[in-house]
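A closer look at the structure
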Amino acid sequence: MNILVINGPNLNMLGIREPDLYGKADYAALVQLVEETCAQEGIEVEIFQSNHEGAIVDKIQEAYGKKDGIVINPAAYTHTSVAILDALKAVSIPAVEIHISDVSQREDFRQISYAGKACIKTFMGLGLEGYRQAILYLKDYLEKQ
Ligand code: DQA
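To keep things clear, this report deals only with the structure shown in the data block. (Residues numbered from 1 in each chain as written. Predicted model: local features only at pLDDT ≥ 70, side-chain atom pairs only at ≥ 80, totals over all residues. Heavy atoms only, no water.)

For the rest of this paragraph, the subject is the environment of Tyr-64. Within the element layout of this structure, Tyr-64 appears in the loop between helix H3 (53–62) and strand E3 (69–73). Taking the relative accessible area as the measure of exposure, Tyr-64 reaches 58% and is therefore exposed. Between the C-alpha atoms of Tyr-64 and Ala-29, which are 35 residues apart in sequence, the distance is 28 Å. Once you skip the residues sitting within four places of it in the chain, Tyr-64 turns out to touch Val-91 and Ile-93. (Helix = DSSP H or I, 4+ residues; strand = E, 2+ residues; numbered from the N terminus. Buried < 20%, exposed > 50% of the residue type's maximum accessible area, 1.4 Å probe, protein only. Contact = heavy atoms within 4.5 Å.)

Right, let's talk about the packing of helix H2 (residues 27–41) against helix H5 (residues 129–144) for a bit. Running from amino to carboxyl end, H2 crosses H5 at an angle of 30 degrees, the nearest separation of the two axes being 9 Å. Taken together, H2 and H5 sit at an angle that is classed as roughly parallel. The way H2 lies across H5 gives a crossing that is right-handed. Contacts between H2 and H5 involve Leu-30, Leu-33, Val-34, Thr-37, Cys-38 and Glu-41 from the former and Tyr-131, Arg-132, Ile-135, Leu-136 and Lys-139 from the latter. (Axes fitted to C-alpha atoms, helices over the stretch in contact; angles between N-to-C directions. Parallel < 35°, antiparallel > 145°, perpendicular 65-115°, else oblique. Left-handed = near helix turned anticlockwise from the far one by under 90°.)

Turning our attention to the site of the ligand. Neighbouring residues of the ligand: Arg-17, Tyr-22, Asn-73, Ala-75, Ala-76, His-79, His-99, Ile-100, Ser-101, Val-103, Arg-106 and Arg-110. Ala-76 has a polar backbone atom sitting 3.2 Å from an oxygen atom of the ligand. At 2.7 Å from an oxygen atom of the ligand is found a main-chain nitrogen or oxygen belonging to Ile-100. Mapping the ligand onto the cavity grids shows that it belongs to the largest pocket. Across the shell around the ligand, the residue classes break down as five nonpolar, four polar and three charged. (Near = heavy atom within 4 Å. Polar contact = N/O pair within 3.5 Å; in protein donor to acceptor, adjacent residues only side chain to side chain. 1 Å grid on protein atoms, 1.4 Å probe; cavity = no way out; pocket = protein on both sides within 12 Å on 5 of 7 lines; lining within 4 Å. Sits in = over half its atoms within 2 Å of the grid points. Nonpolar A, V, L, I, M, F, W, Y, C, P; charged D, E, K, R; others polar.)

Another point: the state of the cysteines. As used here, a disulfide is simply a covalent bond connecting the sulfur atoms of two cysteines. Across all of its chains, the model carries zero disulfides by this definition. Between Cys-38, a cysteine without a disulfide, and Cys-119, which holds the nearest cysteine sulfur, the sulfur-to-sulfur distance is 16 Å. Residue classification places Cys-38 among the buried positions, given a relative accessible area of 0%. You can call Cys-119 buried: its relative accessible area is 15%. (Disulfide = S-S within 2.5 Å.)

Turning next to the nonpolar core. One finds Ile-3, Val-71 and Tyr-131 to be the most contacted residues of the largest nonpolar core, which totals 23 residues. When contributions to this core are tallied by element, the ones reaching two or more residues are strand E1 (2–7), H2, strand E4 (95–99) and H5. Residues in contact with Tyr-131, not counting those within four places in the same chain, are Val-5, Asn-7, Leu-11, Leu-30, Leu-33, Val-34, Val-71, Asn-73, Ile-98 and Ile-100. (Core = buried A, V, L, I, M, F, W, Y, C linked by side-chain atoms within 4.5 Å.)

So far we have only geometry, and geometry alone does not tell us how the molecule works.
As structure tokens, this is what we get:
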């Protein structure tokens, strides 16, 4: 099993940006958690972060025919990007959406998730632990396919 974990804009600033919302752990800690989880589960993983919408679209397209599943935190692009939604639909790779904060309890403009419309499941409000949950959920889903 070979998965791609995508993180959108400003997630490279974890630990610095709004720690009350996103916690004190930095991006390196997130990468470590994902790598450790995947190693324990026997999953091959590529981890990608970009602040650019088109780069995320390119990465999703590159995954076509190569990756079995995607875990994606599109960050602010969650609420704006039809292009990322269309890319996920184009490749038809099972994807799980993750948000560190509980977006359902935040501003009105965060209540729409475009990418989420192409995802089999969403985890939110669990901090970095949500990534572990998302990977385990995706693994279980792919094994049942
Ligand atoms: C986020 C929530 C988004 O609304 C926000 O723009 C982010 C991070 C989260 O992980 O909680 O950058 O995706």
